[in-house]
Amino acid sequence: MADLPAIQLAAAEGRDLDGEAILTIVWNAYQSATGNEPPRDTFTIRYPDLDPEGNFDDHERIAARLPRIAAVYPV
């Protein structure tokens, strides 16, 4: 991922990327296909339990596990 232009641009601009924005893709696709909003109970988000070793607030831990991403997002 560290080589992707979108990641490099976001890092250069100081923006963090998260997956929540992707959730609107399904909603928008449904609206485009049907012309209607999906029923409210159509989509469910299930977040997995996080790895306790994956503290993503600690740059050193990130660098140990994901060195190329840590290099793109220096402290």
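Residues numbered from 1 in each chain as written. Predicted model: local features only at pLDDT ≥ 70, side-chain atom pairs only at ≥ 80, totals over all residues. Heavy atoms only, no water.

Moving on to helix H1 (residues 5-12). By the burial criterion, the buried members of H1 are Ile7, Ala10 and Ala11. Around the axis of H1, the buried residues are gathered within 100° of arc, so they sit on the same side. In H1, the exposed residues that point more than 90 degrees away from the buried face are Pro5, Ala6 and Ala12. Those residues of H1 hidden inside the fold are in contact with helix H4 (67-72). Phi turns positive one or two residues past the end of H1, at glycine 14, with a value near 75°. (Buried < 20%, exposed > 50% of the residue type's maximum accessible area, 1.4 Å probe, protein only. Helix = DSSP H or I, 4+ residues; strand = E, 2+ residues; numbered from the N terminus. Arc of directions from axis to C-beta. Contact = heavy atoms within 4.5 Å.)

Relative to the elements of secondary structure, alanine 10 occurs in helix H1. On the basis of relative accessible area, alanine 10 is assigned to the buried category, the value being 0%. If we skip the residues at most four places from it in the chain, alanine 10 touches Arg15, Leu17 and Tyr73.

Let us now look at the pattern of salt bridges. In this structure the tally under the stated criterion is three salt bridges. With a closest N to O distance of 2.8 Å, glutamate 13 and arginine 15 form a salt bridge. Judged by relative accessible area, glutamate 13 falls into the partly exposed class, the value being 48%. Across the salt bridge formed by glutamate 37 and arginine 40, the nearest N and O atoms sit 3.8 Å from each other. (Salt bridge = Lys/Arg side-chain N within 4 Å of Asp/Glu carboxyl O.)

By themselves, these observations are geometric and do not establish any function.
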